[in-house]
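Chain and residue survey
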Amino acid sequence: MKNILILGGSGFIGSNLVKHFLNKGENLIVFSKNKNNNLIPFINKIKIINGNFVDSKIIEKILNEEKIDIVIHLISNVIPGTKFDKIINDIDVELISTMKLVNSLAQKKIKLIFFSTGGAIYGNNKKSLYNEKDTTTPINYYGWLKLATEKYIEMQHEINNLDYLIIRPSNIYGKNQNIYGRQGLIAVTLGKIINKEDVEIWGNGEVTRDYLHIEDLCKAIHMLMKNNKWNNIYNIGSGKGVSINEILKIIKNITNKNFKIKYTEKRKIDSLHNALDTTKLKKTIKWDNLITLEDGIKKTWDNINK
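Below is a short write-up of the structure. The structure presented is a predicted model; accordingly, all values stated were derived computationally and were not measured. (Residues numbered from 1 in each chain as written. Predicted model: local features only at pLDDT ≥ 70, side-chain atom pairs only at ≥ 80, totals over all residues. Heavy atoms only, no water.)

**Focus on the overall build of the protein chain**
Our working definition: Only DSSP runs of H or I reaching four residues or more are called helices, and only runs of E reaching two or more are called strands; each is numbered from the N terminus. Residue contacts are counted whenever heavy atoms from the two residues lie within 4.5 Å of one another. To be clear on the numbers: accessible area is Shrake-Rupley with a 1.4 Å probe, and residue cover counts the displayed protein chains and nothing else. The charge count includes Lys and Arg as positive and Asp and Glu as negative, but it does not include His or the ends of the chains. Just so you know, the charge point we use is NZ for Lys, CZ for Arg, CG for Asp and CD for Glu.
For the protein chain, the count of helices and strands is nine helices and 13 strands. For the C-alpha atoms alone, the extent of the protein chain along its principal axes is close to 55 × 45 × 40 Å. Summarising the internal contacts of the protein chain: among those between residues at least 6 apart in sequence, 77% fall at separations of at least 24. Carbon together with sulfur atoms contributes 48% to the accessible area of the protein chain, which is approximately 15,100 Å² in total. Placing the 46 positive and 31 negative side-chain charges of the protein chain at their respective mean positions leaves the two points 3 Å apart.

Structure below.
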């Protein structure tokens, strides 16, 4: 049995990966800066280690003592809206600490699954559907950092034979996502509804994005890992672009709540249209029977209101 270390395993995506991987019989070690209620249901089934990712000595100790075979790297404090001043302060975590990790994994022959981005990394290339070979021209610091990390990982593969999977997910939503956070249209909108607040949208709501339920993302990650599809980049999404206005309409129908939408000036850091071409993924794993937006949003709303 492989020992899998999930860095940032107490967050939204991490906690869902923990649940899915445990159901598949995997042995998990979770590294997190803070304790999180998301992991309470699994507290007796996993080992949790708290610490700061920038402390490379802690990471090295875990890799050695726990005999780690695979690392899933989810730690990130940057979002598409992050500004220059903050990116300078966060670069130690977002790039330098990750470079140290990747270098160590290459030396120890530990495999890496890195979560990049399927949206910000492609930028505005006047396309609506992007595949893994398309030009990457990020228009925000978040996308730039992810791309820089991807390139470093690929370099370590070439010079030190690092085995890796780079995941470019679409807009993921579902259980455990922060409904009072700064990102995630579906989660934030549901939070605004609960608080009876206006929903603020940058632009006219006609930009399109690719939305995927967290359970489908977890399935794809596990299948790629178990099928040993290393040293590849994969888009993981629904393959369909849906406008913000369409999402808001679905949310209104499901919640049966009327809420005010406040449209504001469009941001330059946001691409106009983005959906992920998943042809490569479909050729690699069985990728069908995805959770529909209607069903996924209803599941998310029901989880919030339990």
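Alright, that's what it looks like, and here's the rest.
**Regarding the nonpolar core**
Stated precisely, the cut-off is as follows: Take the buried Ala, Val, Leu, Ile, Met, Phe, Trp, Tyr and Cys residues and link them wherever side-chain atoms come within 4.5 Å; each set so joined is a nonpolar core. Exposure is judged per residue with a 1.4 Å probe applied to protein chains only, and the accessible area is read against the type maximum: over 50% gives exposed, under 20% gives buried, and values in between give partly exposed.
Ranked by internal contacts, the top residues of the largest apolar core, which has 35 residues, are Leu-17, Ile-113, Phe-115 and Ile-236. Those elements that provide at least two residues to this core are β1 (3-7), α1 (12-23), β2 (27-32), β4 (70-73), β5 (111-115), β6 (164-169), α6 (214-226) and β11 (232-236). At seven residues, α6 tops the list of elements feeding residues into this core. When sequence neighbours within four positions are dropped, the list of residues in contact with Phe-115 reads Ile-13, Leu-17, Ile-72, His-73, Leu-74, Lys-146, Ile-167, Pro-169, Leu-217 and Ile-221. The next biggest cluster of nonpolar side chains, apart from the first, holds 26 residues, and it includes Leu-7, Ile-49, Ile-68 and Phe-114.

**Here we look at the pattern of salt bridges**
Note the cut-off: Basic side-chain nitrogens of Lys or Arg form a salt bridge, by our definition, when they fall within 4 Å of a carboxyl oxygen of Asp or Glu.
Tallied over the entire structure, the rule returns 10 salt bridges. Here Lys-151 makes a salt bridge to Glu-154, at a shortest N to O gap of 3.7 Å. Remark: Glu-154 and Lys-151 occur in helix α4 (residues 141-160); sequence separation between them is three residues, near one turn of the helix. For Lys-151, a relative accessible area of 48% corresponds to the partly exposed category.

**A look at the sheet that holds β6**
This is how it is decided: By this definition, two strands are paired if DSSP reports at least two bridges between them. For every element, the axis is a line fit to its C-alpha atoms; helices are fit only across the contacting stretch, and the angle between N-to-C directions ranges from 0 to 180 degrees.
Read from one edge to the other, the open sheet built from seven strands follows the order β3-β2-β1-β4-β5-β6-β11, with strand pairing classed as parallel. Whereas interior strands pair on both sides, the edge strands pair on one side only; in this sheet they are β3 (47-50) and β11. Averaged over all neighbouring strand pairs, the angle between strand axes comes to 20°, with direction disregarded. Summarising the sheet, β1 and β4 pair through four bridges and their orientation is parallel. Within the sheet, the bridge partner assigned to Leu-5 lies in β4 and is Val-71. Packing of α1 onto the sheet brings it into contact with β1, β2, β4 and β5, and relative to β2 it is tilted by some 170°.

**Some details on the packing of α1 against α6**
Quick note on the threshold: Reported orientations rely on four angle classes, namely roughly parallel under 35 degrees, roughly antiparallel over 145, roughly perpendicular from 65 to 115, and oblique for the rest. Two helices cross in a left-handed way if the nearer one is turned anticlockwise from the farther one by less than a right angle. They cross in a right-handed way if the turn is clockwise. Residue type decides the class: Asp, Glu, Lys and Arg count as charged, Ala, Val, Leu, Ile, Met, Phe, Trp, Tyr, Cys and Pro as nonpolar, and the leftover types, Gly among them, as polar.
Taken N-terminus to C-terminus, the directions of α1 and α6 make an angle of 60°; their axes are 9 Å apart at the nearest point. What the angle tells us is that α1 and α6 run oblique. Between α1 and α6 lies a crossing of right-handed hand. Contacts from Phe-12, Ile-13, Asn-16, Leu-17, His-20 and Phe-21 of α1 reach α6 at Ile-214, Leu-217, Cys-218, Lys-219, Ile-221, His-222 and Met-225. Of the residues assigned to the contact of α1 with α6, the class counts are nine nonpolar, three polar and one charged.

**A look at the packing of aromatic side chains**
So the rule is basically this: Two rings belonging to Phe, Tyr or Trp (six-membered ring only in the last case) form a pair when the distance between their centres is within 6.5 Å. Interplanar angles under 30 degrees mark stacking, angles over 60 mark edge-to-face geometry, and anything in between is tilted. Charge-over-ring placement is defined geometrically: NZ (Lys) or CZ (Arg) within 6 Å of the ring centre, and within 35 degrees of the ring normal.
Within the structure shown, the criterion is met by one aromatic pair. With a centroid separation of 5.0 Å and an interplanar angle of 15°, the aromatic rings of Tyr-122 and Tyr-130 are classed as stacked. Over the aromatic face of Trp-230 sits the side chain of Lys-111, whose NZ or CZ is 5.7 Å from the ring centroid. A cation over an aromatic ring shows up here: Lys-252 above the ring of Phe-259, its NZ or CZ 5.1 Å from the ring centre.

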